[in-house]
Number of protein chains: 2
Amino acid sequence: MKKKNTDIFGALADPNRRKILMLLSAGILSVSALAEQFEVSRPAISKHIKVLEENNLVTVTDQGRERLCELQQQGFLELYDWIKFYDAFWNEKFNNLENYLNKDL
Amino acid sequence: MKKKNTDIFGALADPNRRKILMLLSAGILSVSALAEQFEVSRPAISKHIKVLEENNLVTVTDQGRERLCELQQQGFLELYDWIKFYDAFWNEKFNNLENYLNKDL
DNA sequence: TATTTAATTACGCAATATTTTTATTAACTA
DNA sequence: TAGTTAATAAAAATATTGCGTAATTAAATA
């Protein structure tokens, strides 16, 4: 039983991890292909990918000795759900403001 | 010139800070009123609020010796902008899938 | 089979983050 | 004015994170 290190917000808190996601938005890439785009070492990138994987932002599939990384929607949906709550909050707030402003028209 | 500690993703990475936002979604609260809802000390909450303020998730207004905290939309919009990019990514992806599936109909 | 390549694991360390305790500032109130 | 309340600042302790090096595993290749 492996324990999860961080949640989705923690996963997104690191700039290198967000850069990985951005790179993967252009297409599937191996760990090495990703690592080439960074100053940091390959093990560092490996760990970042693991965090992204644990939080369902990325899926990794073994292909021979390579591991191919691809964006996964589920993690993004989780984040989306979170922000939707506040989106609703703001909509309601501005609706109420609008109602208030129109009260005497 | 004071330097900002973290960006919006870092600001949201802490569970206590997200709880502060949730509590503020119910209405304006003073620092003390917020602190009551946590196990951690008041200075800790103070610092969390500062981070939220620096990232435009919360505005604080002085009222006598109290400081009233309120949600601020700007920070949420920043996050929204980020996720919108990936939202578009997924929409495009599934559109393409749909196009592919319908190709021979 | 020996070597190379892709990647992870293990370990340790430096940098950051979070929290606490103590001290301080400023605004109310008796 | 003296005491209390709300909050932050400063300093220090603790916890977590990110990263590198070295070692290891597994697959491809000469």
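Our subject is the structure that appears above.
So, here is what we can say about the structure in this document. One numbering rule holds for all chains: residues counted from 1, following each sequence as written. All chains are assigned letters beginning at A, and all ligands numbers beginning at 1, according to the order in which they are written. Reporting in this predicted model follows two pLDDT cut-offs: at least 70 for local features of residues, and 80 or more for side-chain atom pairs to be given and counted; totals over whole chains, interfaces and linings ignore these cut-offs and use all residues. Think of the side-chain values as coming from all heavy atoms in the structure, minus any hydrogens and water.

1. Notes on the protein's contact with DNA strand C
- One heavy atom suffices: a residue is near a molecule or strand as soon as one of its heavy atoms comes within 4 Å of it. Lining the immediate environment of DNA strand C, one finds 23 residues, of which S32, S46 and R67 of chain A together with S41 and H48 of chain B sit closest.
- Expressed as a percentage, the sugar and phosphate content of the atoms of DNA strand C within 4 Å of the protein is 67%.
- Whenever a nitrogen or oxygen atom comes within 3.5 Å of another N or O atom, the pair is scored as a polar contact, on the condition that within protein one atom can donate a hydrogen and the other can accept it, and that pairs from neighbouring residues in sequence are kept only if both atoms are in side chains. R17 of chain B places a side-chain nitrogen or oxygen 3.3 Å from a phosphate oxygen of DNA strand C.
- Within the side chain of R65 of chain B, an N or O atom sits 3.3 Å from a base nitrogen of DNA strand C.
- Sorting elements by how many residues they give to the surface near DNA strand C places helix α4 (residues 42–54) of chain A first, with five residues. Think of it this way: any DSSP run of H or I at least four residues long counts as a helix, any run of E at least two long counts as a strand, and we number them from the N terminus.

2. Let's talk about the protein's contact with DNA strand D
- Around DNA strand D there are 21 residues in total, and K47 and H48 of chain A together with S32, S46 and R67 of chain B lie nearest to it.
- Restricting attention to atoms of DNA strand D within 4 Å of the protein, one finds that 68% of them are sugar or phosphate atoms.
- Side-chain polar atom of H48 of chain A to a phosphate oxygen of DNA strand D: 2.4 Å apart, as the coordinates give it.
- In this structure, a base oxygen belonging to DNA strand D sits 3.0 Å away from a side-chain N or O atom of R65 of chain B.
- Those elements that provide at least two residues to the surface near DNA strand D are α2 (15–24) and α4 of chain A together with α3 (31–35), α4 (42–54) and β3 (66–71) of chain B.
- The residue inventory of the surface near DNA strand D, partitioned by class, reads five nonpolar, seven polar and nine charged. Note on residue categories: nonpolar means Ala, Val, Leu, Ile, Met, Phe, Trp, Tyr, Cys or Pro, charged means Asp, Glu, Lys or Arg, and polar means any other residue, Gly included.

3. What to know about the pattern of salt bridges
All names here are of chain A.
- Any Lys or Arg side-chain nitrogen located within 4 Å of an Asp or Glu carboxyl oxygen qualifies as a salt bridge. The final tally for this structure, using the stated rule, is nine salt bridges over all chains.
- Taking the shortest distance from any N to any O, the salt bridge between R67 and D62 comes out at 2.8 Å.
- Exposure classes here rest on a 1.4 Å probe applied to the protein chains alone. A residue is buried below 20% of its type maximum, exposed above 50%, and partly exposed in between. Judged by its relative accessible area of 58%, D62 is exposed.
- Linked by salt bridges that have partners in common, E53, D62 and R67 make up one network.

4. Observations concerning the sheet that holds strand β1 (residues 29–30) of chain B
All names here are of chain B.
- Paired strands are those between which DSSP finds at least two bridges. Ordered by their spatial adjacency, three strands build an open sheet running β1-β3-β2, and the pairing between neighbours is antiparallel. Among the strands making up the open sheet, the edge pair consists of β1 and β2 (58–63).
- Direction of pairing for β2 relative to β3: antiparallel, over a ladder of six bridges. Bridge pairing in β3 places Q63 opposite E66.

5. Quick notes on the interface of chain A and chain B
- Whether two residues are in contact is decided by their heavy atoms: any pair within 4.5 Å suffices. Taken together, the 25 residues of chain A in the interface contact 25 residues of chain B.
- Among the residues chain A hides against chain B, the three largest losses belong to I83, Y86 and W90 of chain A. Together they make up 23% of the total.
- Applying the counting rule to chain A against chain B returns four salt bridges.
- With its nearest N and O atoms 3.5 Å apart, the salt bridge here joins E70 of chain A to K93 of chain B.
- If you list the elements that add at least two residues to the side of chain A that touches chain B, you get α1 (8–12), α2, β3 (66–71) and α5 (73–102) of chain A.
- Top element by residues in the side of chain A that touches chain B is α5 of chain A. It accounts for 13 residues.
- Looking at the side of chain A that touches chain B residue by residue, the classes come out as 16 nonpolar, four polar and five charged. The quantity reported as buried area is the accessible area (1.4 Å probe) lost by two parts once they are put together, taken as the sum for both.

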